[in-house]
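# An overview of the molecular structure
So you can see what is in the structure, the chains are spelled out below.
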Amino acid sequence: TSLMEGKDTFVIMPTGGGKSLCYQLPAMILDGVSIIVSPLIALMKNQVDLVRSYSSKDNIAHFLNSTLNKAQQKQVKDDLTSGKTKMLYVAPETLTKEDNINFFKTLNVSFFAVDEAHCISEWGHDFRPEYRRLREMMELINDSAPVIALTATATPKVKSDIIKNLGLRSANVFVSSFNRPNLYYEIQPKVNVEQTNKSIVRFIQSHKNKSGIIYTLNRKTTEDLADMLMANGIKAVAYHAGLDAKLRATRQDQFLNEDVNVIVATIAFGMGIDKPDVRFVIHYNIPKSIENYYQETGRAGRDGLEGKCVLYYSHKDLAKLEHLMKDKPLSEREIGAQLINETLSYAESSICRRKTLLYYFGE
């Protein structure tokens, strides 16, 4: 309603809360086409396929990014000019090209949606400099169209960054609760490799044939852990950015179709993974930020049933994280160090983990 009344709108909802609907419905109802900025090509394709599956016409939704050839781009532009398309998904890079801006100026734009809006903020867990220029582009295309920004990342710093950088005008802000009452959070000490491996095997065997994800810091660990689990009779595969795309897709499907129970992965896994019945998420190493931790544990229990989130913590892992940052520019190192400190105090705290998490998200 806020968006349809032409007001700038800011939506903060945890993963799986129904953010997409907040702009898809108004896009269908309002005159003209909505321009939706999304950071990932795979995510755009999923969204467009989903919208098309509700409609008898494929030209209702399109994406415009570097994967399309000239002929496909022409087709998209023709459908936009003729007014058949209600939703156009673009990468931020697409918006910054001059000929695209001139073309978008000729369209009747109902509103702009900025999905994954935390990408604007260096405090967000996946900062993208191109996002910083969105305001400038939107003003060139149509400065009176309202803007809706959506994110699952709501720390106060990120929040004020988004409002400032997108130039949201007295925006209506909507925040849903970040509490996932069906998730159980636990920290286990990590004494040595052998003890940790035994503990993980015991844990997985007590959740027989249930689906789970184990997150680790580097590629080699994913391979080693997957081998160790297989040796203990647990169906597991490794997943990381070093595998070729075909093998990654195969392993992702094996996990989704339950040919394997456990996927051992780096954080390359999981953007847009929607398997509702993941019963446990294990962190083999401490994550880089509470943000990442919340996102990754949030892949458990999407169906509302119980999910267990276990983090194995050793002070040594902090040194590894700090080592990974040593070549980064100073400002990034400072931000990174602060985020790591927050994760450290979460791991070592004697307060209820849920309280700590919710407090971090301003709830």
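Okay, so let's go over this structure. This is a predicted model, so every value here is computed, not measured. (Residues numbered from 1 in each chain as written. Predicted model: local features only at pLDDT ≥ 70, side-chain atom pairs only at ≥ 80, totals over all residues. Heavy atoms only, no water.)

## Considerations on the overall build of the chain
- A tally of regular secondary structure across the chain gives 14 helices and 13 strands.
- For a compact globule of 363 residues, the expected C-alpha radius of gyration is about 21 Å, and the chain comes in at 22 Å, within 12% of that figure.
- Once the C-alpha set of the chain is aligned to its principal axes, its extents read approximately 65 × 40 × 40 Å.
- Looking at the 363 residues of the chain, the share that counts as buried comes to 52%.
- Taking the contacts inside the chain whose residues are at least 6 apart along the sequence as the reference set, 77% of them involve residues at least 24 apart.
- Working note: accessible area of the chain is about 17,100 Å², and carbon and sulfur atoms make up 53% of it. (Helix = DSSP H or I, 4+ residues; strand = E, 2+ residues; numbered from the N terminus. Rg over C-alpha atoms; globule rule 2.2 N^0.38 Å. Buried < 20%, exposed > 50% of the residue type's maximum accessible area, 1.4 Å probe, protein only. Contact = heavy atoms within 4.5 Å. Areas by Shrake-Rupley, 256 points an atom, 1.4 Å probe, with all protein chains shown as cover.)

## Notes on a nonpolar patch on the surface
- Taken together, the side chains of Met 4, Leu 21, Leu 25, Met 28 and Ile 29 present a nonpolar region at the surface, about 470 Å² in accessible area.
- When you line up the elements, Leu 21 lands in helix H1 (residues 19-29).
- Given the relative accessible area of 51%, Leu 21 is considered exposed. (Patch = residues over 30% accessible without salt bridge, like charges linked within 9 Å, V, L, I, M, F, W, Y side chains within 5 Å. Salt bridge = Lys/Arg side-chain N within 4 Å of Asp/Glu carboxyl O.)

## Regarding the pairing of strand E9 (residues 211-215)
- A large share of E9 lies buried, amounting to five of its five residues.
- Where burial is concerned, the two faces of E9 agree: the one with Ser 211, Ile 213 and Tyr 215 and the one with Gly 212 and Ile 214 are both buried.
- Sheet topology note: the E9/strand E12 (residues 278-283) ladder contains five bridges and is parallel. Each bridged residue has a counterpart across the sheet, and for Ile 213 the counterpart in E12 is Val 281.
- Judged from the four bridges that link them, E9 and strand E11 (residues 262-265) form a sheet pairing that is parallel. When the sheet's bridge partners are listed, Ile 214 is paired in E11 with Val 264. (Pairing = 2+ DSSP bridges.)

## Quick look at the pairing of strand E4 (residues 87-90)
- Neither face of E4 is left uncovered, since the one carrying Met 87 and Tyr 89 and the one carrying Leu 88 and Val 90 both have all their residues buried.
- In terms of strand pairing, strand E2 (residues 33-37) meets E4 through four bridges, oriented parallel. By the bridge assignment, Val 37 is partnered in E4 with Val 90.
- In the sheet, strand E3 (residues 61-64) pairs with E4 via four bridges, with the strands oriented parallel. Among the inter-strand pairings, Ala 61 is bridged to a residue of E4, identified as Met 87.
- For the crossover that starts at E3, traverses helix H3 (residues 70-81) and ends in the parallel E4, the hand is right-handed. (Right-handed = clockwise from strand over helix to strand, strands pointing away.)

## Here we look at the side chain of Thr 9
- Relative to the helices and strands, Thr 9 resides in strand E1 (residues 9-12).
- Assessed through its relative accessible area of 3%, Thr 9 is described here as buried.
- Of note is the side chain of Thr 9, whose polar atom sits 2.9 Å from the backbone oxygen of Lys 7. (Polar contact = N/O pair within 3.5 Å; in protein donor to acceptor, adjacent residues only side chain to side chain.)

## Side note on the nonpolar core
- Ranked by size, the top nonpolar core spans 91 residues in total, and within it Tyr 89, Leu 95, Phe 104 and Leu 166 carry the most contacts.
- Here this core gets six residues from one element, more than from any other, and that element is helix H13 (residues 330-348).
- Apart from residues no more than four positions distant in its own chain, Leu 166 is found in contact with Val 114, Ile 120, Leu 134, Arg 135, Met 138 and Ala 149.
- If you look at the next biggest cluster of nonpolar residues, it comprises 19 residues, including Ala 236, Tyr 284, Val 310 and Tyr 312. (Core = buried A, V, L, I, M, F, W, Y, C linked by side-chain atoms within 4.5 Å.)

## Here we look at the environment of Val 48
- Considering the arrangement of structural elements, one finds Val 48 in helix H2 (residues 41-53).
- With a relative accessible area of 1%, Val 48 lands in the buried category.
- Residues Val 48 and Leu 88, spaced 40 residues apart in sequence, show a C-alpha to C-alpha distance of 8.7 Å.
- Apart from residues no more than four positions distant in its own chain, Val 48 is found in contact with Ala 61, His 62, Phe 63 and Tyr 89.

## Regarding the packing of aromatic side chains
- Taken as a whole and judged by the stated rule, the model has nine aromatic pairs.
- Residues Tyr 360 and Phe 361 carry aromatic rings whose centres are separated by 5.3 Å and whose planes lie at 90 degrees to one another, so their mutual orientation is edge-to-face. Across the pair, exposure class does not vary: Tyr 360 and Phe 361 are buried alike.
- Sitting over the ring of Phe 103, Lys 77 keeps its end group 5.2 Å from the ring centre.
- The ring of Tyr 284 carries the charged tip of Lys 190 above its face, separated from the ring centre by 4.3 Å. (Phe/Tyr/Trp six-rings, centres within 6.5 Å; stacked < 30°, edge-to-face > 60°. Lys NZ or Arg CZ within 6 Å of the ring centre and 35° of its normal.)

## Things to note about the sheet that holds E2
- Ordered by their spatial adjacency, seven strands build an open sheet running E3-E4-E2-E5-E6-E1-E7, and the pairing between neighbours is parallel. Edge positions in the sheet fall to E3 and strand E7 (172-175), since each has one partner strand and no second. Across this sheet, the average inter-strand angle for adjacent strands is 20 degrees, counted without regard to direction.
- The strands touched by H1 are E1, E2, E4, strand E5 (109-114) and strand E6 (147-151); relative to E6, the strand with the most contacts, the crossing angle is about 155 degrees.
- Running at roughly 165 degrees to E3, H2 makes contact with E3 and E4 of the sheet. (Axes fitted to C-alpha atoms, helices over the stretch in contact; angles between N-to-C directions.)

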